[in-house]
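Architecture and fold: a report
This is what each chain is made of:
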Amino acid sequence: MIILAYYYKEASHTFGEYLLVPGYSSDKCIPDNVSLKTPLVRFKKGEEPAISLNIPMVSAIMQAVSNDTMAIALAKEGGLSFIYGSQSIEKQAEMVAKVKNYKSGFVNSDSNIKPTTTLGEILELKEATGHSTMAVTEDGTDTGKLLGIVTSRDYRITRMPMSMQAKEFMTPFSKLVYADAETTTLSQANDIIWDKKLNMLPLVDRNQCLRYMVFRKDYTDNKENKNELIDSKKRYMVGAGINTRDYAERVPALVEAGADVLCIDSSEGFTEWQRITLNYIHEHFGDRVKVGAGNVVDADGFRFLAEAGADFVKVGIGGGSICITRETKGIGRGQATSIIDVAKARDEYYEETGIYVPICSDGGLVHDYHMTLALAMGADFMMLGRYFSRFDESPTNKVRINGTYYKEYWGEGSNRARNWQRYDLGGQKNKLSFEEGVDSYVPYAGALKDNVDLSLSKIRSTMCNCGALNIKEFQEKAKLTLVSATSIVEGGSHDVILKDAFSHE
Ligand code: IMP
């Protein structure tokens, strides 16, 4: 008897090998009319999903990408972050709670001093944080009893000794305009700022303890964003990564902190460990806790997780920008082929059961048009790591090398993150046997909002070229063609000399 491995009939492909062929666009097909709303979690035919995203983007479950700052910035735009799980349960739950407790425009003071802090120390703090407004509290914390405020208008460096203490020159509480943290709304706070010509309004509780600050400079940011992703209590929505090891402790803590959705974070999801984790969550929390699973790259993997009760399934192995899984282990599949295959499996499962389980394209999305192709091929939403790591809001250092700014970005399977749970196959605990990711730099790209706006405007524009006003319609109408290596060359600018080439003259 001859036993042979199974061979797929076709090579697996990735996004850069495909193009969309435009379809008829009616006069209704304008970017302003395009909706990018998309389901995040499973739903029954005829029903609405419990959670939908307003834009089809989530940020990766990675130390270098998704903390509370990223989550707030992305939820403001209509997407969702999954706070990374490769940290202690307490720290992860704290990040989730920070997002849930965040009140738009109400800032927790990040520069706080004691009455005895010296002018020299104040200048050092200003240098470190870049902020000139400091709260003087009894114990020097951001929630201590507010005794005064120091701004650069309170001191004159040339005339005052560096040893002078804040209590001698701060604007004392008795001279401050402040408001009640419990009852003041953002629009009332802004009115006080305008009426009293303030730069900042402190909000205190009934014990005079500092709760928030509202800044004049944030006024334009504080206007409501019609796309923002909020829960029924108007709080930003946030997700969190979990693993198949400590779920019995981690999941209750994250639920308690207010996480709206969880996701099992693993490099390979077609495993019994994922089924056990999903079972635990369903047994203990029923339908109340939503949880995605993955990653898989074919129909079998999808069906396994859908039947195990995953609320969404994440697709992609080996395509991430920092990923060396394919080189190290020889597993994976071209991302476009994976999505096409899994999308078909999702639709068949829907036909059979009447249950729609959304799929997420995770990793390897480099150009904006890759996102458009992922959606056209059937992804309900996308997870991005490198893309978000480049923004101001990512948790990593911004560094300047040879006059250009970069941000750090490292894989969860790198020695730096040491996220052994993500790669665990039930072997030795607490150990990453070999690396599956690298530590790198990515070009710094500025504010999340500006970049997301631009990427989405390209996606909307292409959808209009294909005659589609929403993602489902786009998937039904999309016509895709594989391209030859030569026509890929034709796709960039060619046979011209770019003016940039002469810019040094
Ligand atoms: P990117 O958007 O191309 O940078 O890919 C991000 C995705 O890569 C994440 O969402 C993970 O699925 C995956 N990933 C994160 N860290 C690693 C790693 O160290 N090795 C392999 N894949 C990783």
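Residues numbered from 1 in each chain as written. Predicted model: local features only at pLDDT ≥ 70, side-chain atom pairs only at ≥ 80, totals over all residues. Heavy atoms only, no water.

Our focus in this paragraph is the overall build of the protein. When its secondary structure is counted, the protein shows 15 helices and 24 strands. When its C-alpha atoms are laid out on the principal axes, the protein stretches across 90 × 65 × 45 Å. Counting every position in the protein, which comprises 505 residues, the buried fraction comes to 51%. Partitioning the intrachain contacts of the protein with sequence separation of at least 6 by distance along the chain shows that 65% fall at a separation of at least 24. Carbon together with sulfur atoms contributes 50% to the accessible area of the protein, which is approximately 25200 Å² in total. Charge separation in the protein, taken as the distance between the mean sites of 59 positive and 67 negative side-chain charges, equals 4 Å. (Helix = DSSP H or I, 4+ residues; strand = E, 2+ residues; numbered from the N terminus. Buried < 20%, exposed > 50% of the residue type's maximum accessible area, 1.4 Å probe, protein only. Contact = heavy atoms within 4.5 Å. Areas by Shrake-Rupley, 256 points an atom, 1.4 Å probe, with all protein chains shown as cover. Lys, Arg positive; Asp, Glu negative; His and termini not counted. Charge placed at Lys NZ, Arg CZ, Asp CG, Glu CD.)

Time to look at the packing of helix H11 (residues 368-376) against helix H13 (residues 448-465). Taken N-terminus to C-terminus, the directions of H11 and H13 make an angle of 50°; their axes are 9 Å apart at the nearest point. Considering their axes alone, H11 and H13 lie oblique with respect to each other. You can see that H11 and H13 cross each other, and the crossing is right-handed. Contact residues: H11 offers Asp 368, Met 371, Thr 372 and Leu 375, while H13 offers Ser 455, Lys 458, Ile 459 and Thr 462. Looking at side-chain class alone, the contact of H11 with H13 contains three nonpolar, three polar and two charged residues. (Axes fitted to C-alpha atoms, helices over the stretch in contact; angles between N-to-C directions. Parallel < 35°, antiparallel > 145°, perpendicular 65-115°, else oblique. Left-handed = near helix turned anticlockwise from the far one by under 90°. Nonpolar A, V, L, I, M, F, W, Y, C, P; charged D, E, K, R; others polar.)

Taken together, 24 residues lie around the ligand, and Ser 321, Asp 362, Tyr 409, Gly 413 and Glu 436 are the ones closest in. Contact between the ligand and Ser 321: an oxygen atom at 2.7 Å from a side-chain N or O atom of the residue. Contacts to the ligand include Gly 413, whose backbone N or O atom sits 2.6 Å from an oxygen atom. Relative to its free-state accessible area of 500 Å², the ligand is covered by the protein chains to the extent of 95%. (Near = heavy atom within 4 Å. Polar contact = N/O pair within 3.5 Å; in protein donor to acceptor, adjacent residues only side chain to side chain.)

So, about the side chain of Asp 362. As for its placement among the helices and strands, Asp 362 is situated in strand E19 (residues 359-362). Each residue touching Asp 362, except ones within four places of it in the same chain, is listed here: Asn 295, Lys 314, Val 315, Gly 316, Gln 335 and Met 383.

Here we take up the packing of helix H8 (residues 299-307) against helix H10 (residues 335-353). Contact geometry of H8 with H10 gives a least axis separation of 8 Å together with a crossing angle of 40°. Judged on the interaxial angle alone, H10 and H8 are oblique. Crossing angle aside, the handedness with which H8 passes H10 is right-handed. Taken together, the residues of H10 that come into contact with H8 (itself represented by Ala 299, Phe 302, Arg 303, Ala 306 and Glu 307) are Asp 341, Val 342, Ala 345, Arg 346, Glu 348, Tyr 349 and Glu 352.

The next subject is the nonpolar core. Residues Met 57, Leu 80, Phe 82, Leu 262, Phe 302 and Phe 388 are the most contacted members of the largest nonpolar core, which totals 105 residues. When residues no more than four places from it in sequence are discounted, the contact partners of Phe 388 are Met 57, Val 58, Ser 59, Val 65, Met 70, Leu 74, Ser 394, Leu 448 and Val 452. Met 134, Met 164, Ala 166 and Met 170 belong to the second largest nonpolar core, which has 12 residues in total. (Core = buried A, V, L, I, M, F, W, Y, C linked by side-chain atoms within 4.5 Å.)

Attention now goes to the environment of Thr 337. Position of Thr 337 relative to the elements: it lies in helix H10. What makes Thr 337 buried here is its relative accessible area of 15%. The sequence separation of Thr 337 and Val 99 amounts to 238 residues, and the corresponding C-alpha distance is 36 Å. With sequence-adjacent residues up to four places away left out, Thr 337 is seen in contact with Ala 11, Ser 12 and His 13. Here the side chain of Thr 337 touches His 13 through a polar contact of 2.5 Å, landing on its backbone nitrogen.

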